[in-house]
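Results of the structural survey
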Amino acid sequence: MGRRIGRRDVLRGAGMAAAAGALGGAAGKAAAEPIEVKSPLLFHSPEVEKFVDELPRIPVVRGSRLEIDAATTSHRFHRDLPESTAFGYSGQSYLGPTIEHHRDEPLHVRFSNRIQSHPFGADLDTTIHGVQESWRTTPPTSLHLHGGVTPPASDGHPENLVMPGQSIEHDYPLRQDAGMLWYHDHPMGITRTNVYAGLAGMVLLRDEFDTGDDANTLGLPSGEFEMPLVLQEKVFQPSGQQTVRTTLVVPEGLWEGGGAGDTGVVNGKVWPRMSVARGLYRFRTINAAQFSTWNLFFSNRMRFWVIGNEHGLLDAPVPVQNFRLAAGERIDLLVDFSGLAPGESVELCNDEEPVMQARLIGQVAMPVFCRFTAEQRRGFTGPVPQRLRGGRGQLPVLPPLPTPTVVRNITLSQPYELRLPPSIMTLNNLRYSDPDIEMPRQGTVEQWNFINITPDPHPIHIHLVTFRVLDRTPLRTLDYQAANIQPPIGIRWNPPAENFLAGPPVPAAPWEQGFKDIVRVDGGTVTRILVRIPTADELGFDPDEPFTPLNPSLVGGHGDGHGGRHQAHNGTNHNSTDHNGTDHNSTDHNSTDHSRDLRGYVWHCHILDHEDHDMMLRLRFVP
Ligand SMILES: [Cu+2]
């Protein structure tokens, strides 16, 4: 087999050539102007008419015991596109039903993998650790409740794989704040293909104040005026089939490293439209894309309000004209259509520039998601609430930021490897299978400094915990790298960045000041969060309890390619001390009788391509 070339490397060369050719003598002039000519290096979806399909209202399921299955389906994304092979949960041809549930009430889910074939079987990259050739036709799944405060055995660990024909029982205590969770597939090495195929759904967790009906004491729109928006981006083949491939630069079957779509998809429909009453709407919004960060705004530049994010409401609505939403982030919005004349339309738009390497091969911003057209009738006519916390019938105001006792430096980088394929994304310069993992102590408050030496944003998600975003500080990336030579991949590399800052810290935006489980770590910044690790007593379960996976033989990354060499070292978590003096000493309690047992959780970039290779690490929350 010939030399396999990773996307990033190829993009660097081909992109430069393409950019030079396209710009010619005009280089340096008006770089922000969109280029009308379609890049020959990218796949382009067929042209379809925008705003002709109705925005679907995703069905809602409730109950303390749910059956969820993942199946191969056929889904029509647009009136003028043929049916496309897809995945769906629980009878949906794409995505899954919205699960509505009350906090503190346990939820039991029996999850079954009923997948019969994979729409992207040819796209699985078996050189990525853990991915097996047979998965092209019989792909595993792992149901993860993102944002759930969940015991490890039910968390949907990427190595707790559920093969076609198998079922698993998950218990979710949901002893946590009301908010917006979501569920999606999380299997080792193929999360990007499975979620993209359709395995994602929203969860609305209610409490006695945010009830989701007219009785809510917060003055929030409810019923038909509360609407989940699952935002995604896609590429379609000329045949109309959805595809995970975005560029000719990377051959079929190889990891792309992250491709933006050229087509907006909302609740499973391409560029849909929604008729809205002239009044206030609450949009529970999720970036469920595999790659892009978006800067979202309305076409008339009207003001709207952020009222909450992943784990509950803000103290008060924050007026915005636009905001950035990275993959995996959720945001709770109030939008007032009462100022529109009957028949008048506004679109939900995006103008976030693609990341540099995508721009170089001609990627342009995916410009729009959906259209809202005002009806004659008035809708929810209540005002935008003054306050959401601290008043009568409301939760207390957000607590002040806690004081950390442990500081942990984390690098985000794209190291260069001599082995093939060369491209990989890493946290701390480590692979998933490396034994040197983070082991925060229960009951402590930690400050995590994410040092992003790449030029692109990476949304970092930590399972089990919630955190607050502190700030982002620009980094003198080249100086940092020159002073701290990055060792070969597999050796922890997280030198402190204090001496390489390029400006004052930019505090978290007012609309991202609540409790979150995912943070946008902008390129060339040190982004700081404060995370408190709950104790086993507070959780009601032991977050460090080992558990036996459904298929122990699949633990350890038994891939077919080179990645198979890097076996997971479950039960061999070495003591380690990072460069800021944080002590990670801990005793390993794993029994040798259960060498395939799993323990703990994972944390990762929520760019699904990155998470697959290899921007995901294990972690344990130790006593
Ligand atoms: Cu990433």
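Quick caveat: nothing in here was measured; it's all calculated off a predicted structure.

1. Re the overall build of the protein
- Summing up its helical and strand segments, the protein has six helices and 32 strands in all.
- For the protein, with 623 residues in total, the buried portion stands at 63%.
- Taking all contacts inside the protein whose residues are at least 6 apart in sequence as the whole, residues at least 24 apart take part in 79%.
- For the protein, the accessible area works out to roughly 22,200 Å², and carbon and sulfur atoms hold 54% of it.

2. Here we look at the coordination of the copper ion
- Those protein atoms acting as donors to the copper ion are His-458 (ND1), Cys-605 (SG) and His-610 (ND1), and they sit at 2.0 to 2.1 Å.
- If you list the donors of the copper ion from N- to C-terminus, the spacing comes out as H-x146-C-x4-H. Of the two residues, His-458 is situated in strand S26 (residues 458–462) and His-610 in helix H6 (residues 608–612); the sequence distance between them amounts to 152 residues.
- In this structure His-458 comes out as buried when scored by relative accessible area, which is 1%.

3. Looking at the sheet that holds strand S21 (residues 345–350)
- Pairing within the open sheet is mixed, and its five strands lie in the order S14-S22-S21-S16-S19. At either end of the open sheet lies a strand with only one pairing partner, and these are strand S14 (273–278) and strand S19 (322–325). Across the sheet, the mean angle separating the axes of adjacent strands is 25° when strand polarity is ignored.
- The sheet contact formed by strand S16 (residues 294–298) and S21 spans three bridges and is antiparallel. Bridged to Leu-296 within S21 is Asn-350.

4. Looking at the confidence of the model for the protein
- Averaged over all residues, the pLDDT of the protein is 89; the fraction at 70 or higher stands at 87%.
- Contacts of residues 1–31 to residues separated by more than four positions or lying in other chains number 50 contacts, the stretch itself having pLDDT below 50.

5. Section: the sheet that holds strand S8 (residues 179–185)
- The strand order across the open sheet built from five strands is S1-S4-S9-S8-S6, with neighbouring strands paired in mixed fashion. Of all the strands in the sheet, the pair left with one neighbour each is strand S1 (60–61) and strand S6 (143–146).
- Pairing of S8 with strand S9 (residues 200–206) involves six bridges; the strand directions are antiparallel. Bridge assignment links Met-180 to a residue of S9, and that residue is Leu-204.

6. What about the environment of Gln-363?
- By the secondary structure assignment, Gln-363 is in the loop between helix H3 (356–360) and strand S22 (368–378).
- A residue is classified by how much of its surface remains accessible, and Gln-363, at 8% relative accessible area, is buried.
- Once the C-alpha coordinates of Gln-363 and Asp-262 are considered, the two residues, 101 residues apart in sequence, prove to be 8.4 Å apart.
- Each residue touching Gln-363, except ones within four places of it in the same chain, is listed here: Leu-42, Ala-260, Gly-261, Pro-354 and Ala-358.

7. Observations concerning the pattern of salt bridges
- One pass over the structure, following the stated rule, counts 41 salt bridges.
- Residues Arg-136 and Glu-133 are paired through a salt bridge, measuring 2.8 Å at the closest nitrogen-oxygen approach.
- Its relative accessible area of 43% is what places Glu-133 among the partly exposed residues.
- Where Arg-408 meets Glu-438, a salt bridge forms, and the shortest distance between an N and an O atom there is 2.6 Å. With Arg-408 in strand S23 (residues 406–413) and Glu-438 in the loop between strand S24 (426–427) and strand S25 (445–452), this pair connects stretches of sequence that are 30 residues apart.

8. A short note on the packing of aromatic side chains
- Applying the stated criterion across every chain, the model contains 21 aromatic pairs.
- Relative to Tyr-281, the ring of Phe-225 has its centre 5.3 Å away and its plane inclined at 85°; by these criteria the two rings are edge-to-face. With Phe-225 in the loop between S9 and strand S10 (226–236) and Tyr-281 in strand S15 (residues 280–287), the pair connects residues that are 56 residues apart, well separated along the chain.
- Accessibility expressed as a relative area gives 14% for Phe-225, which makes it buried.
- One Lys or Arg, Lys-50, reaches over the ring of Trp-271 and ends 4.4 Å from the middle of that ring.
- Positioned above the aromatic ring of Phe-515 is the side chain of Arg-468, whose terminal nitrogen or guanidinium carbon lies 4.9 Å from the ring centre.

9. Topic: the nonpolar core
- The biggest cluster of nonpolar side chains holds 62 residues, and the ones touching the most others in it are Leu-229, Phe-283, Phe-323, Phe-337, Leu-348, Phe-369 and Phe-372.
- Sequence-distant contacts of Phe-323, defined by excluding residues within four places in its chain, comprise Trp-294, Asn-295, Leu-296, Phe-304, Ile-331, Leu-333 and Trp-511.
- Of all hydrophobic cores here, the second largest spans 43 residues; its members include Val-131, Phe-291, Trp-448 and Leu-554.

10. Brief notes about the pairing of strand S27 (residues 467–474)
- The buried fraction of S27 is high, at seven of eight residues.
- For S27 and strand S30 (residues 525–532), the ladder comprises seven bridges, and the chain directions are antiparallel. Bridged to Val-469 within S30 is Ile-529.
- Here S27 pairs with strand S28 (residues 506–507) via two bridges, running antiparallel. Note that in S28 the partner of Asp-471 across the bridge is Pro-507.

11. Re the pairing of S10
- The buried fraction of S10 amounts to eleven of the eleven residues, a majority that puts the element mostly inside the structure.
- Of the strand pairs in this sheet, S10 and strand S12 (residues 263–266) are connected by four bridges, and their pairing is antiparallel. Counterpart to Glu-233 in the pairing with S12 is Gly-264.
- Sheet topology places S10 next to strand S11 (residues 242–243); two bridges connect them, and they run antiparallel. Looking at the pairing, Val-235 lines up with Thr-243 of S11.
- Counted along the chain from S10 to the antiparallel partner S11, the turn is five residues long, and its residue Gly-240 has a positive phi close to 95°.

12. A closer look at unusual backbone geometry
- A cis geometry characterises the amide bond from His-613 onward to Asp-614, with omega recorded as 10°.
- On the secondary structure map, Asp-614 appears in the loop between H6 and strand S32 (616–619).
- Here the phi dihedral of Asp-104 falls at roughly 70°; this positive angle occurs in a residue that is not glycine.
- Within the secondary structure, Asp-104 is located in the loop between strand S4 (98–102) and strand S5 (107–114).
- Its identity is not glycine, yet Leu-174 carries a phi of approximately 55°, on the positive side.

13. Remarks on the environment of Val-469
- Its place among the elements puts Val-469 in strand S27.
- A relative accessible area of 5% means that Val-469 is categorised as buried.

14. Description of the environment of Phe-337
- Tracing the backbone through its elements, the reader meets Phe-337 in the loop between strand S20 (330–336) and S21.
- Each C-alpha atom of the pair Phe-337 and Leu-280 lies 6.1 Å from the other, and the pair is 57 residues apart in sequence.
- Not counting the four nearest positions on each side in its chain, Phe-337 is found in contact with Val-276, Ala-277, Arg-278, Gly-279, Tyr-281, Phe-283, Met-302, Val-346 and Phe-372.

Thresholds applied
- Residues numbered from 1 in each chain as written.
- Predicted model: local features only at pLDDT ≥ 70, side-chain atom pairs only at ≥ 80, totals over all residues.
- Heavy atoms only, no water.
- Helix = DSSP H or I, 4+ residues; strand = E, 2+ residues; numbered from the N terminus.
- Buried < 20%, exposed > 50% of the residue type's maximum accessible area, 1.4 Å probe, protein only.
- Contact = heavy atoms within 4.5 Å.
- Areas by Shrake-Rupley, 256 points an atom, 1.4 Å probe, with all protein chains shown as cover.
- Donors = N, O, S within 2.8 Å, 3.2 Å for Na, K, Ca; no water.
- Pairing = 2+ DSSP bridges.
- Axes fitted to C-alpha atoms, helices over the stretch in contact; angles between N-to-C directions.
- pLDDT = per-residue confidence, 0-100.
- Salt bridge = Lys/Arg side-chain N within 4 Å of Asp/Glu carboxyl O.
- Phe/Tyr/Trp six-rings, centres within 6.5 Å; stacked < 30°, edge-to-face > 60°.
- Lys NZ or Arg CZ within 6 Å of the ring centre and 35° of its normal.
- Core = buried A, V, L, I, M, F, W, Y, C linked by side-chain atoms within 4.5 Å.

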